[in-house]
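# Examination of the molecular architecture
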Amino acid sequence: MENIDSNPGAPAVNSATGTVVAGVDTRVATRVATKPAAEEEIDLGQLFATIIKYKWRILLLAITVTVFSGVIVMNMTPVYRATSILLIGAEQVTPVSFEELLGLGSNRKEYYLTQFEMIKSRKVASQVIKNLNLKTHLDFIPKESFVGNLKSDIRIWMRGLLPFLPEQRAAVLPEEEQNEAELQQLINTFSGRLSVSPVKKTQLVKISFESSDPLLAAVVANAVGDTYIEQDLQAQMGLTKKASGWLTTRLSDLRIRLKASEDKLQRYLEQEDLVNIKGVLGLVSNELQQTSQQLVVARNDKNKLQSIVRVINEYGRDNLEMLQSISEITSHKVIQAIKLNLSAAELKVSELTDVYGAKHPKMVSAKAELAITKEHFASQILRLVEGVEKELNSNKRNVSALEKELVSIRARFQKVSRKVHTYRQLSREVETNRQIYDTFFSRSKETEVTGDFNSAVARFTDRAFRPSAPIHRKKTLIVLFAFVATLGLGVVAAFVIEALNDTFKTQGDVEGKLDQRMLGLLPLVKTKRKASLITYHSFEEDGKPFAESMRTIRTSYVLTQLEKDSKVVAVTSSEPGEGKTTTAINLAFSFGQMESTILIDGDMRKPSIGRHFNIPARQPGLAHVIAGSETLGNCIYHDEQSGIDVIPCGQLPGNPLELLSSKRFLTLLTVLKSKYSHVVIDTAPISAVSDSLVIARLTDAVIFVVKSDDTRIGMAQHGLGRLTEANANIAGVVLNKVDTRKLSHGGYYPSYFGSYQYGEGQAKVNMAVAKKQAKAKKKRVKESAA
């Protein structure tokens, strides 16, 4: 009994006890527990299934683009490329050194990069276009693009369709602006065909040009080099002429300035009567130095004499003993001589005293000589003191005279210094003007000498020749690349579309996003546009797959409700058009094949059960029973083909929610449960009204229907959330209108509706289900009796 149902969403049944094994709940719990880990991994099978799903569209896109690329490649005009080689000069050859005047510094890497850009400049391109008259060549005549033609055709078509629209006229530009615009377009085309590439580690540069005309390609490649060299020579000549003119103008101004400064210096010399300004300044400086030295000596002598006089005055002029102690007096030569004579006289008297008496003539003579010597010593000291005072007065007069002379000399020196300072300023100005004049004069002569000499910035090492064969374009590689690129783009687009599609497509989507078991799926049945499914489609030959799917859903539902007394089941969906009514009708048909079943139209807003069973709208139904205007027997209609009973909605009530919330509706359900084994109620969509929530609380189970590739995940989650809040018993989810071809291609349910059809296997399943239902019913009867 483990293989009662092939639906993986149904639980397993224990063959010994007949109870539902908790494998389903365990699997769901495990899936929920491992859900975050699974979402972090990349499902390669899902990616492969997406590619298989969109494979024909991807392949069609790749083939279309490849064919279009092949047509374009095959119709491409052959292009020829010609190349010339230039040698860029490292230095400008000049006979004299005045590069700084022209700004020609070429010993840097930036110099070569600048030359490369100058070759590609718009100025060179414009000159080549004019010289060769390229605007008349086929390569440079503007061609109408496919997009431009399409826009023009659309504009004409819109004008014919809507003639009242104002006609858009292009603005007419002045002739000069038109010519400039045409030239710029020609330059852009020219630059797109021109390529300049330097040869590494050399001064060579390659100039290449591509054209459909091989001769033109060679001519343009050479013309670009010639034009570049010619424009550089013209630029050098222009710079030389400009520099020469500027030097001539500046030289004239400098000559006038030099002459003015020289005249100013000469006038100053004549005004101050200066001949040899340096000699005069030296003479006055020497005189000032000598006078200063004399004054210093005189002041020193004066200070010494003043000190001696001060001591003399302190000792007194009559105190010879004290005066003799003055070193300046005793050190005088006269005093020294007298002191020697005095010492000799005293020695003589001393010697004679030992020999002779006091009155001896020699003794008397010696004493008289000693007395005379002492008098002479005293008189000389007095005379020397007077001489010191006289010398002091003379020295004072000398110092005063020297000070006056020094002041006079200083005044003369300052006057001469000011003249020298002014002279030096004027001389410096003359010298500076002369140096500047000489520099500009030499530069002017250099410019005159070299003005007609200009060296070329580059020269040809190889001129371009006419190519014999076009550029080899790898057409096969281009087409192959277009195919592979489009194929990859199509796969990426498929992944993006699949990622943005937040609808339900597989059982994994239902169980993973809604955390609900899936009872089964209903295949998509092709009908006419805006036509609903035929009510009795499951009874027809081509409806067997649909009937098989419905029986699988019935089996899954019964197996999940074996331990419950679930007779009343409501079928609802999140929004209209998801197939809840079709699911409810066919579920009732499936139940009716085994047991008594009644189908109720609980959608009192937009009822459709009566229309499916051709029951007139005037006939009484559910609204009349709940309102009490009709008996239950009058509102039940029996369908002969399916064998089920049907209660339509009847007349549309004004208060459907109040009727469904009344006790009479609950009583009606209780009565029907006692008469029928299964009661199936078709309800209104949950997102539209709250009628389904009221019915869901009164039923034993709720089946939620979602439409494949249509119902948004968020909408379904919101509807199930409302049912959960209403404490409804959600039996599971039915995935409706599933395109089985996509499922088979995607590997979700391979050959689900192919070889496996309704037959002996399904009959065994139905018998097993019936036996288990009977056992469960007997068990409930015993329990109620106890």
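Anyway, here's the lowdown on the structure attached to this text.

Bringing the overall build of the protein chain into the picture now. Scanning the protein chain from terminus to terminus reveals 28 helices and 12 strands. A buried classification covers 39% of the 786 residues belonging to the protein chain. A total accessible area of about 46000 Å² is found for the protein chain, and carbon and sulfur atoms account for 56% of it.

What follows concerns the pairing of strand β10 (residues 678–682). Among the five residues that make up β10, five are buried, leaving the element largely enclosed by the rest of the structure. Here β10 shows no split at all, with H678, V680 and D682 on one side and V679 and I681 on the other all buried. Relative to β10, strand β6 (residues 568–573) runs parallel, the two sharing four bridges. For V568, the partnering residue across the bridge sits in β10 and is V679. Summarising the sheet, strand β7 (residues 597–601) and β10 pair through five bridges and their orientation is parallel. Within β10, the residue paired with L599 across the bridge is V680.

Going through the model one piece at a time under the given rule, you end up with 10 aromatic pairs. On the numbers, 6.0 Å between centres and 25° between planes, the contact of Y437 with F441 is stacked. Taken together, the residues span about one helical turn, with Y437 and F441 both in helix α15 (residues 361–450) at a distance of four residues. Overall, Y437 belongs to the buried group, its relative accessible area being 15%. Judged by its relative accessible area of 35%, F441 falls in the partly exposed class. Relative to F539, the ring of Y536 lies with its centre 6.1 Å away and its plane at 55°, an arrangement referred to as tilted. On the basis of relative accessibility, which here comes to 18%, the residue Y536 falls in the buried class. One aromatic cluster is present, built from ring pairs that chain together Y536, F539, F589 and F613.

With that out of the way, let us pick up a nonpolar patch on the surface. On the surface, W56, L59, I63, V67 and V71 cluster together into a nonpolar patch covering about 480 Å² of accessible area. Relative to the elements of secondary structure, I63 occurs in helix α4 (residues 55–74).

At a closest axis distance of 9 Å, the pairing of helix α7 (residues 122–132) and helix α10 (residues 214–271) adopts a crossing angle of 120°. If you check the angle between α7 and α10, you find them oblique. As α7 runs across α10, the sense of the crossing is right-handed. Residue-level contacts link K123, V124, Q127, V128, N131 and L132 of α7 to V219, V220, A223, V224, T227, Y228 and Q231 of α10.

Let us now look at the pairing of strand β5 (residues 518–523). Most of β5 is tucked away, with six of its six residues classed as buried. Across four bridges, the pairing between β5 and strand β12 (residues 730–738) is parallel. Of the residues in β12, the one forming a bridge with G520 is V734.

The next subject is the side chain of S84. Relative to the assigned elements, S84 resides in strand β1 (residues 80–88). Residue class for S84 comes out buried when judged on its relative accessible area of 0%. A polar contact is formed between the side chain of S84 and the backbone oxygen of A221, at a distance of 3.1 Å. Sequence-distant contacts of S84, that is, excluding residues within four places in its chain, are made with V205, K206, I207, A221, N222, F460, D462, R463 and A464.

Reading guide: rules and limits
Residues numbered from 1 in each chain as written. Predicted model: local features only at pLDDT ≥ 70, side-chain atom pairs only at ≥ 80, totals over all residues. Heavy atoms only, no water. Helix = DSSP H or I, 4+ residues; strand = E, 2+ residues; numbered from the N terminus. Buried < 20%, exposed > 50% of the residue type's maximum accessible area, 1.4 Å probe, protein only. Areas by Shrake-Rupley, 256 points an atom, 1.4 Å probe, with all protein chains shown as cover. Pairing = 2+ DSSP bridges. Phe/Tyr/Trp six-rings, centres within 6.5 Å; stacked < 30°, edge-to-face > 60°. Patch = residues over 30% accessible without salt bridge, like charges linked within 9 Å, V, L, I, M, F, W, Y side chains within 5 Å. Salt bridge = Lys/Arg side-chain N within 4 Å of Asp/Glu carboxyl O. Axes fitted to C-alpha atoms, helices over the stretch in contact; angles between N-to-C directions. Parallel < 35°, antiparallel > 145°, perpendicular 65-115°, else oblique. Left-handed = near helix turned anticlockwise from the far one by under 90°. Contact = heavy atoms within 4.5 Å. Polar contact = N/O pair within 3.5 Å; in protein donor to acceptor, adjacent residues only side chain to side chain.

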